[in-house]
Amino acid sequence: MSTAQTEMPTDGTGVLIVDPWLEPYSDGLRNRYSAYAKTLKVIDDHEGGLAHFAEGYKTMGFQVDSKGGILYREWAPGVVSARLIGDFNKWSHEANPMTKNEFGVWECYVPPTSPGVPAIPHDSMVKISMTKPDGTPIDRLPAWITRVTQDLSVSPIYDARFWNPKPEETYQFKNGHSTRSVEGLKIYEAHVGISSPAQRVTTYKEFETDVLPRIKALGYNTIQMMAIMEHPYYASFGYQVTSFFAASSRYGTPEELKSLIDKAHELGLTVLLDVVHSHACKNVLDGLNMFDGSDHLYFHEGARGRHDLWDSRLFNYGHHEVLRFLLSNLRFWMDVYMFDGFRFDGVTSMMYKHHGMGVGFSGDYHEYFGDSVDLEAMVYLMLANQLLHEVYPNAITIAEDVSGMPTLCRPVVEGGVGFDYRLSMAIPDMWIKMLKEQSDAEWDMGNIVHTLTNRRHLERSVAYAESHDQALVGDKTLAFWLMDKEMYTNMSDLTELTPIIDRGIALHKMIRFLVHSLGGEAYLNFEGNEFGHPEWMDFPREGNGNSFAHARRQFNLVEDHLLRYKYLNEFDKAMNVLEDHYHWLSAPQGYVSLKHEGDKMIVFERAGLLFIFNFHPTNSFTDYRVGVDKPGQYKVVLSSDEKRFGGHERIDMNGTYFTTPMEWNGRPNWLQVYSPCRTVLVLGL
């Protein structure tokens, strides 16, 4: 390794050491790295370095000085005049005029009413009013505002508020950032608003009190928080952001979110933010769109600045001030709220000029280098990852990319894009397709294994059987695909264990465990799916009578011990606890010794454990011979057929298995097991 480090090329082709097959595209790698280095040099030369450049939140927007005076600064080069208006000056357009510098940044200073007393009251409403060159006045919410609120009884348009609580009312963190290794993440994807059985929006405080202990008890070590950046339309799942520096006020105050994150850190949990820098809501009155009256302030003008599928605006990543805004946004969430890293949404859309629309990626390298790639967006992603890993040594970044971009998860210094992980988006698609279109007898073991193991060498991936995407209206959870309407009538232990429920419980456990143990270097679960949450996700909207019936997580189903959901919940916990002990997520990829189509068997080894999956609908196998690398006396470590997991107890948990030193399925030893249908058996020395 030291040789590779000393010989690391400085032109962005260091990734060739890991993947020599990229050699024909070395010019593309050099061009990409050169564009990154050029942008970084401009930042170094004119902004005092990347880390300082990304502290724009300390100079832009509202800044309160030690005397209680307030400096307000806003970038809006397209207007000819600007003024700060709000409750504090009775919305006067004359009281607080602003002046513009040569970079198009407007500012004004609001002196304190008395020493230490700001003239703008805490939580009072403010706006910036501007005049376009044609004399038209426009009012906007400050772009860097940290608090916006919505009163739907009055209007869906947000109000900006000056958030400046007294010192005694400002949350003081007791814990620092997580120092967890980047390895072995077990991620619980959560949405605060849906996090209770109640048919309403759940709060930050309720999530802290009720959900954090549940996540910890299940054995997850990381939370990925969705829909935190403020978004006007609740049903957008948080992906149409208007105010990038504002934590959603639907769930409570900024101080309450800080308390939630601090409590998570106290419990030993890493907290990631689902950050949306791939696009922005097209709202004008309470968003960034047409901020200074022009089409092209934060965004590209014309068609390039619009996403046809998402009906949203696309950032101009090549603009210096846009880079300041977005990079500062990352530091803001890390510094002010103590998030530990990010899941970057829509990375595929960012990286390609076609945004991945109408394009099927075959995996051929020519698809990732050339005119279709958005070089400015690639540079932004490299800068973002460089910033985060340079300033915060334990920061974690995850890319939502469906394209399979090579080098996405290699360090920037090598010429990579710098992410720690990519999401394995093909895995959930495979399971849903199989459950929709195939009988159990038609399941292709080879295809399952290929999809789970087809990932880039030395680039980490997050495996998951289902996420929020699969739960949305129009689709449904794995559990509901498996058991459908019988979940309404036969999930009680007091009712008959029907073939559909028996199959559903068995396969739910097997599918998730196979993904967990074979599919990646991290594992993700969407809130509620750990216990087989029924039905689907659907937020209140006009089309459903503004109902919250499907915009909640029915944790009460697990707490009712007469219901069978408890078995799935218990198995989910057992998977995570076992991984904590054996660390297969941070071990090399599993060695698959058997994919038997007739028997519907998958056998592999990882982290010193032997995993034996029998997907056959009816056939149980006695004295089934499986290959294994290490000789010795194996014992049962886990069986999905245990009674506590809703199984039939067909496996002797005290059984021992001795190896025979004879080659079998490419392994130097074999042992024989009893493998009941639709079970997974895990053996260890």
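So, here is what we can say about the structure in this document.

Thresholds, definitions, all that
Residues numbered from 1 in each chain as written. Predicted model: local features only at pLDDT ≥ 70, side-chain atom pairs only at ≥ 80, totals over all residues. Heavy atoms only, no water. Phe/Tyr/Trp six-rings, centres within 6.5 Å; stacked < 30°, edge-to-face > 60°. Helix = DSSP H or I, 4+ residues; strand = E, 2+ residues; numbered from the N terminus. Buried < 20%, exposed > 50% of the residue type's maximum accessible area, 1.4 Å probe, protein only. Lys NZ or Arg CZ within 6 Å of the ring centre and 35° of its normal. 1 Å grid on protein atoms, 1.4 Å probe; cavity = no way out; pocket = protein on both sides within 12 Å on 5 of 7 lines; lining within 4 Å. Points joined across faces, edges and corners; volume = space filled by probe spheres on them. Nonpolar A, V, L, I, M, F, W, Y, C, P; charged D, E, K, R; others polar. Pairing = 2+ DSSP bridges. Axes fitted to C-alpha atoms, helices over the stretch in contact; angles between N-to-C directions. Contact = heavy atoms within 4.5 Å.

1. Brief notes about the packing of aromatic side chains
Under the definition given, this model contains 49 aromatic pairs. Between the aromatic rings of Y57 and F332, the centroid separation amounts to 5.6 Å while the plane-to-plane angle is 75 degrees, which identifies the pairing as edge-to-face. On the criterion of sequence distance, the pair formed by Y57 in the loop between helix 3 (50-53) and strand 1 (61-64) and F332 in helix 6 (residues 320-335) is long-range, its members being 275 residues apart. Accessibility expressed as a relative area gives 14% for Y57, which makes it buried. Arranged with centres 5.8 Å apart and planes meeting at 70 degrees, the rings of F513 and W584 form a pair that is edge-to-face. One end of the pair, F513, is in helix 13 (residues 499-518); the other, W584, is in the loop between helix 15 (565-582) and strand 22 (591-596), and 71 residues separate them in sequence. Classification of W584 as buried rests on a relative accessible area of 0%. The lysine or arginine in question, R625, covers the ring of W670, its NZ or CZ lying 3.6 Å from the ring centre. When the ring centre of Y591 is taken as origin, the NZ or CZ atom of R667, which lies over that ring, is 3.8 Å away.

2. Considerations on the layout of surface pockets
For the largest pocket, the calculated volume is near 760 Å³. Broken down by secondary-structure element, the contributors of at least two residues to the lining of the largest pocket are helix 7 (347-351), helix 9 (426-437) and helix 11 (468-471). Residue contributions to the lining of the largest pocket peak at three residues, all from helix 11. For the lining of the largest pocket, the residue count by class is 14 nonpolar, 11 polar and seven charged.

3. Things to note about the sheet that holds strand 10 (residues 186-191)
On the basis of which strands lie adjacent, the closed barrel formed by eight strands has the order 10-11-14-17-18-19-20-21 and parallel pairing. Going across the sheet, the axis of each strand differs from the next one's by a mean of 30 degrees, ignoring polarity. As paired strands, strand 14 (residues 270-275) and strand 17 (residues 341-344) are joined by four bridges and run parallel to one another. What sits directly across from L272, in strand 17, is G341. Here helix 8 (residues 375-391) sits on the sheet in contact with strand 17 and strand 18 (396-399), set at roughly 160 degrees to strand 17.

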